[in-house]
Amino acid sequence: MRKTLIIWQRELSSSFLSPIAYVVIAVFLVVAGWTFLEAAESNAGSQESLEVLLFVSIFFWMPFFVTAITMRLFTEEKRSGTLETLMTAPVSDLAVVMGKFLGAFSFLFVVVAPAVGVIYILAAFSPGVEGVDSGNILGGSVILVVISSLCISIGLFVSLLTRNQIVAAICCFTAICFPFLIRTAVSNLPVGSDQMLEYLSAETHIVDFARGSIDTRPLVMYVSGTVFMLFAAVKALEARRWR
Amino acid sequence: MIRVEHLTKRFGGRAAVDDVSFQVRSGEIVGFLGPNGAGKTTTMRILSCFLPASGGKVMVAGKDVFAHSMEVRRHVGYMPENVPLYRDMRVAEYLAFRARLKGVRGKNVRVRVGDVMQTCGLFDARDRIIGQLSKGFQQRVGLADALVHEPEVLILDEPSIGLDPNQIRHIRTLIKSLAHRYTVLLSSHILHEVEMICERVLIINEGRIVASDTPDNLVGLMKGNLQVALEIKADLDAARKHLMQVDGVTRVSGSYVGRWCRLRCECGKGSDVRDQIAKTVFDNGWPLRELTAQKQNLEDVFVAMTTEGERE
């Protein structure tokens, strides 16, 4: 646990030491904000709440954002050789994986939290709006946390399999897009049942949660998915030591 | 302190390390010498628990590297080849991170980081960003990192590669100053360095240990360990004939350099016949302008040991 925290601390501070972090933050806030604005304008007069539009706009950019954060996690260590110094220190593989995961997750939190907070500023400056529905925000935030955990754990696992950042980025992006696109992609094909796709589709979950209905089934799915990917990552790191 | 028995490591059928056995006693500085690709780095990676062995037994600080990996890592300070470091961190910050990662706690972190920075001459560079340091300083940071948790065993993979002569001298002095406090295993293909630092040398070639002894004994192993070069003004054939009569000289070769005659006398093992050669020269009244003993060095041993296989 102590070692995890030490690695987490380094990961987080090193995220903010590189200029990439600030570029990613700026770009993410601008594009997510712009998407939200567009969505709000084109949905003017409709029943859809602003909270739902906000979370959908944030999620729209999630694959790009998570890919940018996770692609370098282990590839960079492998490329520069620091993995060797890291893994010859008395640290368990689990501590390394968890430290990196928490580091990436905290960074994502620091970036995404202001994007969610924007809605409060908007409400404060809009005379006609009574306030923000905190139930919707809570629901949206919960699903945001679990889906981004899963995405980060996927990215982390992928970055362990290669030492090339580009390969990691492409694989990671494809894998993360999967839950977002599955419904659109498969609904037109005569395979599987609609209900099954409904269960798997991140899009459905986001909209439901952002409307304030917290369902435990998707939570269990995303959390167990995250745990499984982290387990796989630990095994991938351990594989080096298999005889 | 380090005990390696029948260590084997295969990468997809090819043996990088093949049935290697050796021991390093506590407080010894041992040089691990071999051409590139001989298996030095692989062996060191196994000793430092980064790679598993395919076969054999490796004990470091009394623990098996495979079964008690964590324990071993606590007792080993490892500096990989080319010294990988987090280039975006500052020196003191990096060393503190490494110290905490290696289990140094609380106030001790500061004390240890201070100590190793002092030992490695990093105090003035403590607030500099590692990526902006010269190669020599980065090497010192790597060494400080290996030392920071007070390990018993130091494993240094090519500690002076890529440094300029002054930096090499610094790092060499530094390593020498660590002698006896730590057990050191260092690899190198710079023979001179091993000769200067190490008490014992292991020569590895194609995954096998081909020699293990002190540098002096290894040199002594070589036949004709003394060669005397001399330049005289004389008839080449006559000079050769007279010099061959000197007791201990086994072979004389020579050629003319202008009007001078340059000769090389090879002597039998352990015999120093410079005075007798000089006497022969003076007795014959040949003008002499040079007489030097050319002792064979570790380089000759190295070349002989590591090219034997190729000749076969």
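Given the structure is predicted, the values throughout are model-derived calculations rather than measurements.

## Here we look at the overall build of chain A
So, step 1. For chain A, the helix and strand inventory stands at twelve helices and zero strands.
So, step 2. Ordered by position from the N terminus, the helices and strands of chain A form the series α-α-α-α-α-α-α-α-α-α-α-α.
So, step 3. The C-alpha atoms of chain A give 19 Å as radius of gyration, which agrees with the globular expectation for 243 residues (18 Å, within 12%).
So, step 4. With the C-alpha coordinates aligned to their principal axes, the bounding extent of chain A is approximately 65 × 45 × 30 Å.
So, step 5. Looking at chain A as a whole, 39% of its 243 residues are labelled buried.
So, step 6. Sequence separation of at least 24 residues holds for 78% of the intrachain contacts in chain A that already meet a minimum separation of 6.

## Topic: the overall build of chain B
So, step 1. Along chain B, the regular secondary structure elements total eleven helices and 14 strands.
So, step 2. Compactness check: chain B gives a C-alpha radius of gyration of 25 Å against a globular reference of 20 Å for 312 residues, more than 25% above the reference.
So, step 3. In chain B, buried positions account for 43% of the 312 residues.
So, step 4. Pairs at least 24 residues apart make up 68% of the contacts formed inside chain B by residues separated by at least 6 positions.

## Quick notes on the nonpolar core
Residue and element names in this part refer to chain B.
So, step 1. With 138 residues, the main nonpolar core has Ala 144 and Val 184 as its most contacted residues.
So, step 2. Not counting chain neighbours up to four residues away, the residues in contact with Val 184 comprise Ile 29, Val 30, Leu 154, Leu 156, Ile 175 and Leu 178.
So, step 3. Core analysis: the second largest hydrophobic core is formed by 16 residues, Ala 234, Leu 263, Val 273 and Val 281 among them.

## Observations regarding the sheet that holds strand β10 (residues 208–213) of chain B
Residues and elements named next belong to chain B.
So, step 1. With mixed pairing, six strands are arranged side by side in an open sheet as β6-β7-β8-β3-β9-β10. The open sheet has two edge strands, β6 (76–79) and β10, and neither has a second partner. Across the sheet, the axes of successive neighbouring strands diverge by a mean angle of 15°, strand direction being ignored.
So, step 2. Each of β3 (29–33), β7 (153–157), β8 (183–188) and β9 (200–205) is contacted by helix α1 (residues 40–47), which is oriented at about 150° to β7, the strand it contacts most.
So, step 3. Along the sheet, helix α5 (residues 135–147) contacts β6 and β7; its crossing angle with β6, the most-contacted strand, is approximately 165°.

## Considerations on the pairing of β9 of chain B
Residues and elements named next belong to chain B.
So, step 1. Summarising burial for β9: five of the six residues are buried, a large majority.
So, step 2. Sheet topology places β9 next to β10; five bridges connect them, and they run antiparallel. If you follow Ile 204 over to β10, its bridge partner there is Ile 209.
So, step 3. Between β9 and β10, which pair antiparallel in sequence order, lie two residues; one of them, Glu 206, sits at a positive phi of approximately 50°.

## Describing the sheet that holds strand β4 (residues 55–60) of chain B
All names here are of chain B.
So, step 1. Read from one edge to the other, the open sheet built from four strands follows the order β2-β1-β4-β5, with strand pairing classed as antiparallel. Lying at the two open borders of the sheet, with one neighbouring strand each, are β2 (14–24) and β5 (63–64).
So, step 2. Relative to β2, strand β1 (residues 2–11) runs antiparallel, the two sharing seven bridges. Looking at β2, one finds that Leu 7 is bridged to Val 20.
So, step 3. Strands β1, β2 and β4 of the sheet are contacted by α1, whose axis makes an angle of about 120° with β1.

## Some points on the domain arrangement of chain B
The parts lose accessible area when they come together, and the size of an interface is often stated as this lost area.
So, step 1. Taken as a whole, chain B is organised into domain 1 (2–220) and domain 2 (223–295).
So, step 2. Taking the mean C-alpha position of each, domain 1 of chain B and domain 2 of chain B sit 45 Å from one another.

## Some points on the interface of chain B and chain A
So, step 1. Contact with chain B, which involves 21 residues of that partner, is made by 19 residues of chain A.
So, step 2. When residues of the side of chain B that touches chain A are traced back to their parent elements, those giving at least two are α2 (69–75) and α3 (91–101) of chain B.
So, step 3. The element that contributes the greatest number of residues to the side of chain B that touches chain A is α3 of chain B, accounting for four residues.
So, step 4. Broken down by class, the residue content of the side of chain B that touches chain A amounts to eleven nonpolar, four polar and six charged.

## Focus on the environment of Val 104 of chain B
Residues and elements named next belong to chain B.
So, step 1. For Val 104, the position within the fold is in the loop between α3 and α4 (107–119).
So, step 2. Residue class for Val 104 comes out partly exposed when judged on the 19 C-beta atoms lying within 10 Å of it.
So, step 3. The residues contacting Val 104, other than those within four sequence positions of it, are Ala 99, Val 109, Arg 112, Val 148 and His 149.

## Remarks on the pairing of strand β12 (residues 249–257) of chain B
Residue and element names in this part refer to chain B.
So, step 1. Here eight bridges tie β12 to strand β13 (residues 260–267), and the two strands are oriented antiparallel to one another. Within β13, the position partnered with Arg 251 by the bridge is Glu 266.
So, step 2. Turn length for the β12-β13 hairpin, with the two strands adjacent in sequence and antiparallel, is two residues, and the turn residue Gly 258 shows positive phi of about 65°.

## A short note on the packing of helix α3 (residues 50–60) of chain A against helix α7 (residues 93–125) of chain A
All names here are of chain A.
So, step 1. The interhelical angle for the contact between α3 and α7, taken along N-to-C directions, is 155°, at an axis separation of 10 Å. Judged by the angle between their axes, α3 and α7 are roughly antiparallel. In this structure, α3 crosses over α7, and the sense of that crossing is right-handed. Of the residues in α7, those touching α3 at Leu 50, Glu 51, Leu 54 and Ile 58 are Val 112, Ala 115 and Ile 119.
So, step 2. Here the residues of the contact of α3 with α7 are counted per class, giving six nonpolar, no polar and one charged.

## Let's talk about the packing of helix α1 (residues 2–17) of chain A against α7 of chain A
Residues and elements named next belong to chain A.
So, step 1. Contact geometry for α1 and α7: axes closest at 7 Å, N-to-C directions at 40°. Judged by the inter-axis angle, α1 sits oblique to α7. Where α1 crosses over α7, the handedness of that crossing is right-handed. Here α1 contributes Lys 3, Thr 4, Ile 7, Trp 8, Glu 11, Leu 12 and Ser 15 to the contact with α7, which in turn contributes Ala 95, Val 96, Met 98, Gly 99, Lys 100, Leu 102, Gly 103, Ala 104, Ser 106 and Phe 107.
So, step 2. Across the contact of α1 with α7, the residue classes tally to nine nonpolar, five polar and three charged.

Calculation rules
Residues numbered from 1 in each chain as written. Chains lettered and ligands numbered in written order. Predicted model: local features only at pLDDT ≥ 70, side-chain atom pairs only at ≥ 80, totals over all residues. Helix = DSSP H or I, 4+ residues; strand = E, 2+ residues; numbered from the N terminus. Rg over C-alpha atoms; globule rule 2.2 N^0.38 Å. Buried ≥ 20, exposed ≤ 12 C-beta atoms within 10 Å, placed from the backbone. Contact = placed C-beta atoms within 7 Å. Core = buried A, V, L, I, M, F, W, Y, C linked by C-beta atoms within 7 Å. Pairing = 2+ DSSP bridges. Axes fitted to C-alpha atoms, helices over the stretch in contact; angles between N-to-C directions. Domains from an automatic or database assignment. Nonpolar A, V, L, I, M, F, W, Y, C, P; charged D, E, K, R; others polar. Parallel < 35°, antiparallel > 145°, perpendicular 65-115°, else oblique. Left-handed = near helix turned anticlockwise from the far one by under 90°.

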